[in-house]
Each structure stands twice: as C-alpha cells, then as structure tokens.
Amino acid sequence: MSSRFFSARYADLTAYTPGEQPRQRKLIKLNTNENPFPPSPLVEARVRETVPRLNLYSDPESTALREILAERLGVRPENLIMTNGSDEALNFAFMAFCDESRPALFPDITYGFYPVFARINSLPFREIPLREDWRIAPEDYDGCGGTIFLANPNAPTGMALTLGQVERMLRSHPDSVLVVDEAYVDFGGESALGLIGRYDNLLVVRTFSKSRSLAGLRLGFAAGNEALIRDLKTMQYSTNPYNVDSLAQAAGIACLEQDEYNMENIRTVCENREWTREQLAGLGFSMTESRANFLFVSHPAFPGSTLRDRLREKGILIRWFDQERIRDWSRISIGTREQMEALVRAAEELLSGR
Ligand code: PMP
C-alpha cells in the first residue's frame, strides 16, 4: 500500500515485476535470461584499477567507451548514447518520442516493461495483438501513427523479424520513430544497426546484460541518427547526467577489448539452446522458433504455472507470466550444458510422476 503522500498521478501504476533473484545460491537460475558465464577476466582487472578514482564523478558522455563501441559497430560516436542498462535507453525513448498525438505502439505480448514506461510517463499507448502463431505482422502497424517499440527477437517468444521486414517498416512509417530493442539479437537475430545511416526514424537499443555477461553492471546503449541521439541526451541530462558510473564505463571497455571471449560464450549458449530444444521436443514440449537465449515452451501435461512450481521444488527457476494468452507457456533461459541437463532430467522426472 502506498503512503498517504503518494502522488495521485501514479495511483493506477502497476510497477514492473522483475524475475526472482534468490539468495539461495544452489538454485539453477533459468528465469531472467542472464548469461551463465562470468564476465571476461579483463573486466575484473579494469574495475579494480578504477576503484581509486571513485571519488570523482563519471564521464557523463562515456567518451572512451563510446569511441571503442562506435569503432566496433562501424558507426560514429555521435550515433551512440550509453545508458544505465538498456531499460534506461528505452525509458528515454518513451519520454523523448511519444506524446498525446504519438502514442506508444507495441505488441500485446512483449517485454513487460513497455506498458510501465508508458504509464510512468503518462503517455498513451496501444497494444497490437501478436498473430495466433505469436508472429508480429508488420502490416498490423500500418496507419497507427505512433512511436513503435519492437523487441527483435521478441520476448518472451524469442521469435524474430527479418532485417527485410524491419526495413519495410521503416519505409512504411517515415514519420514515426521505430525503436528496435535488440537485447537478444546476438543469439541469432538480424541487427538493424547497419540501417541507422539511411533511416532517420530508426533507433536501435542494445544491452551488455545478455551476450556480454554484465547484467549486474547495468550497461546499455542506443544507436541512431545524431538528432535522435541528441534528443535522448536531453532526457539523460534532465534526469541523471552521470547515468553510467565509472566502473561500468571501465568494464564496458574491457569487455569489448576481450570480445572473442563473449563470442565463444554466445556460441556455447546457442549450442545449448539447440540441444535443449531437441531434448524437450522429445519429451512432448511445444516451442516457438526462438533465436534468443531462452526457449518459450508449453506442455499438455503442465497447465499454467504448474511447470514453474514443480521445477522450483526441484531447485530450478524458470519464468511464468500471469498474462492472458500465455498462461500455458513458460520461458526457460539457456544456461550451461550441466544446467540444461539438470533441467531435462527434472522434466523427465515430472513426466514420469517422480
Ligand atoms: N529489452 C528486453 C526485451 C529485455 O528482455 C530486457 C531484460 N529484462 C531488457 C530490454 C533490459 O535489459 P537491461 O536493462 O539489463 O539492459
């Protein structure tokens, strides 16, 4: 319950519910799409070296990090803004590019933070239903005239639009910003980053949380036309100029300097996903065509939240969403091979009544 002083503006606000972060270390955590591998060794060393300078404020422009990231992505530093997780980049985009005449548009089944960003900023929004097979049909957005937010690959389905589909949307909505949230793109999606020079209405949002093993550090960014980035910076300097702390900037640079380490882990996660997909299919699970670091699954023997509850009893956390249309589905993050073997064993036991 809120206090008697809580602003009436937020009376109807339901906050975003993050996945559980348990104290118990023994649980196998497949519930929040983290990377199962630790950050690269260089990250630890650079963070240590940065500690003595924590008496100083961080660089509000994240200059050194933006420069190396720009070089890696083949864009200019002016095309990038670094943020406190990609959640902050998304929030800035809602603040900067939506208003009464430009509602936020996003699928009914997608990242659950989108409606919360709209509500906290008192912005109108419209949810466009995914098709029956969980597909985003780009033509469903035609004539809607707002700012479009698409997670690609989408969450929690893991399904992806092709680059051609994204480009067609950019062309058919020249007066709308299209925000493409590429949190999971490195696990098998096609990135739209290469299009930012050609479309002034494209904003690509990315994170170091998933493919770069830095979820706890809170580092993300947005890439786009210089004017769009300037608008986001206005939001940054109006809320939290030092949004990316010095440890995160140092760690981000180190992470990019040792990026082969991350690439290797991405390959392993994708292999583990395909292995798990085959095993679960053999046990009678239905699954979407996920190109992310998670699988979206359902099984006729486990209605609703039962699978989540029964796996938890066996020490494995997965994510279930209490949301219309997907109550019979669960999302399982991809971990190490050992973790996925434990998951498959647990599912076998449940199906044989053990
Ligand atoms: N976008 C999507 C689709 C996500 O699933 C997440 C992770 N919860 C985020 C953005 C935010 O990630 P972060 O703030 O850790 O970068």
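Values in this document were obtained by computation on a predicted structure and should not be read as measured data.

(A) Region of interest: the pairing of strand β3 (residues 104–107). By the bridge criterion, 4 bridges tie β3 to strand β4 (residues 125–128) in an arrangement that is parallel. Considered in β4, the bridge of Leu105 is made with Arg126. For β3 and strand β5 (residues 147–151), the ladder comprises 2 bridges, and the chain directions are parallel. Within β5, the position partnered with Leu105 by the bridge is Ile148.

(B) Molecular detail of the domain arrangement of the protein chain. Partitioning the protein chain into domains gives domain 1 (17–38 + 260–351) and domain 2 (41–257). Each of domain 1 and domain 2 has a C-alpha centre, and the two are 25 Å apart. Taken together, the two surfaces of domain 1 and domain 2 that pack against each other cover about 2200 Å², and 55% of this comes from carbon and sulfur. Taken together, the connections running from domain 1 to domain 2 amount to 1 salt bridge. Its salt-bridge partner being Arg325, residue Asp108 comes within 2.8 Å of it at the nearest N-O pair. Counting residues per element, the ones that place at least two in the side of domain 1 that touches domain 2 are α8 (259–282) and β10 (294–298). With 8 residues, α8 is the largest single contributor of residues to the side of domain 1 that touches domain 2. Within the side of domain 1 that touches domain 2, the residues separate by chemical class into 13 nonpolar, 8 polar and 8 charged.

(C) Local environment of the pairing of strand β6 (residues 178–181). Alternating residues of β6 divide into Leu178 and Val180 and Val179 and Asp181, and every residue in both groups is buried. Crossover handedness for the path β5 to helix α5 (residues 163–172) to β6: right-handed. Where β6 meets strand β7 (residues 202–207), 4 bridges bridge the pair, whose relative direction is parallel. Bridge pairing in β7 links Val180 to Val204.

(D) Broad picture of the sheet that holds strand β9 (residues 286–287). Ordered by their spatial adjacency, 4 strands build an open sheet running β9-β10-β13-β12, and the pairing between neighbours is antiparallel. The open sheet has two edge strands with one neighbour each: β9 and β12 (319–320). Here 2 bridges tie β12 to strand β13 (residues 330–333), and the two strands are oriented antiparallel to one another. Residue pairing for β13: Trp320 is matched across the bridge by Ser330.

Here is what the cut-offs are and how they apply
- Residues numbered from 1 in each chain as written.
- Predicted model: local features only at pLDDT ≥ 70, side-chain atom pairs only at ≥ 80, totals over all residues.
- Heavy atoms only, no water.
- Pairing = 2+ DSSP bridges.
- Helix = DSSP H or I, 4+ residues; strand = E, 2+ residues; numbered from the N terminus.
- Domains from an automatic or database assignment.
- Buried area = accessible area lost by both parts, 1.4 Å probe.
- Salt bridge = Lys/Arg side-chain N within 4 Å of Asp/Glu carboxyl O.
- Nonpolar A, V, L, I, M, F, W, Y, C, P; charged D, E, K, R; others polar.
- Buried < 20%, exposed > 50% of the residue type's maximum accessible area, 1.4 Å probe, protein only.
- Right-handed = clockwise from strand over helix to strand, strands pointing away.

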